Amino acid sequence: MSSSALAERPAIDLKRVEKWYGTRDEPVHALSATDLAVAEKEFVVLLGPSGCGKTTLLRMIGGLLAPTSGTLDVEGKPLWVGGGRQPDALADLGMVFQDANLFPWMTIEQNIALPLELKGWDKARRLARAHELCRLVGIAGFEKRWPRELSGGMRQRAAIARALSYDPRILLMDEPFGALDAMTRDAMNIELQRLWLATGKTIVLVTHSIGEAVFLADRIVLLSPRPGRIDTILDVPFARPRSTDVQASPEFQAIVKRLRHRLAEIS
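The rules behind these values
Residues numbered from 1 in each chain as written. Predicted model: local features only at pLDDT ≥ 70, side-chain atom pairs only at ≥ 80, totals over all residues. Heavy atoms only, no water. 1 Å grid on protein atoms, 1.4 Å probe; cavity = no way out; pocket = protein on both sides within 12 Å on 5 of 7 lines; lining within 4 Å. Points joined across faces, edges and corners; volume = space filled by probe spheres on them. Helix = DSSP H or I, 4+ residues; strand = E, 2+ residues; numbered from the N terminus. Expected span 1.5 Å × (residues − 1). Buried < 20%, exposed > 50% of the residue type's maximum accessible area, 1.4 Å probe, protein only. Arc of directions from axis to C-beta. Contact = heavy atoms within 4.5 Å. Phe/Tyr/Trp six-rings, centres within 6.5 Å; stacked < 30°, edge-to-face > 60°.

Draft legend 1. Structural detail: empty space enclosed by the protein. For the structure shown, the criterion picks out one cavity of 30 Å³ or more. Considering only enclosed or pocket space, the largest cavity measures out at about 50 Å³ in volume. Lining the largest cavity we find I160, L164, L171, L192, L195, W196, T199, K201 and I203. Within the residue set of the lining of the largest cavity, elements represented by two or more residues are α6 (152–164) and α7 (182–199). In terms of residues, the lining of the largest cavity owes the most to one element, α7, which gives four residues.

See the structure below:
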């Protein structure tokens, strides 16, 4: 993140955020006190070994898990106050998981429009928004289909559309393409980059794939094994938009090699 971006109010601002889990035996220290600022419209990827706290960190940012200590601001508003989530900060957040989690008894358009139904939008308005988003994510023409009739990649497109339905300023993504085959995953990485460039969202994504991290990120935040802490923050210098050809460049491979070696050192 550039110094000019840092000079502005961050989209996400963590100060000394820490997480302990209580267990039957003894407390588990999942995440050490962490400071992290994410700029508006930045694409940040969280990378690290299994169990390092990536998903814990993302879930705290997403309002799904309360931090044990520290402060977490979203668009300048505190997300957690006294262990409770603040609705005005939550409104700026959308989340996509590894499993698309579409309701099988709802059509694609109904799944996408569900958050808007819960917000009280009338049917015509929310279905119009669902159709607009189907065009944006590349599944126009499948609005009336059932989730079982779509491929895994198309279901994830629908899940992304649902997360974008109420136009949150921040999109949080937890291994969204982890269950897809390699070719579909590459295609979805291209699509996600296109969507990010088209919408101007701030994105924080968790992945185990070093190549995916380097392809997508403006900055990569590498976490150490539990208790997780920020080990390395690495800027990714490639211009946008990026094609898959960049993955064959010596510069890309050098960054992948550097991250792979550091992961081996800290794991």
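Draft legend 2. Structural context of helix α9 (residues 250–266). Here α9 is 17 residues long and its end C-alpha atoms lie 24 Å apart, about the 24 Å a rise of 1.5 Å per residue gives. Listed as buried for α9 are F252, I255, V256, L259, L263 and I266. The arc that holds every buried residue of α9, seen down its axis, measures 105°, which confines them to one face. Away from its buried face, by an angle of more than 90 degrees, α9 presents the exposed residues P250, K257, R258, A264 and E265. Contacts made by the buried residues of α9 are with β3 (43–47), α8 (210–216), β11 (219–223) and β12 (230–235).

Draft legend 3. How the structure looks around the packing of aromatic side chains. Taken as a whole, this structure holds three aromatic pairs when the rule is applied. Ring centres of F103 and W105 lie 5.0 Å apart, and the angle between their planes is 40°; this geometry places the pair in the tilted category. Exposure remark for F103: the relative accessible area of 31% places this residue in the partly exposed category. Assessed through its relative accessible area of 58%, W105 is described here as exposed.

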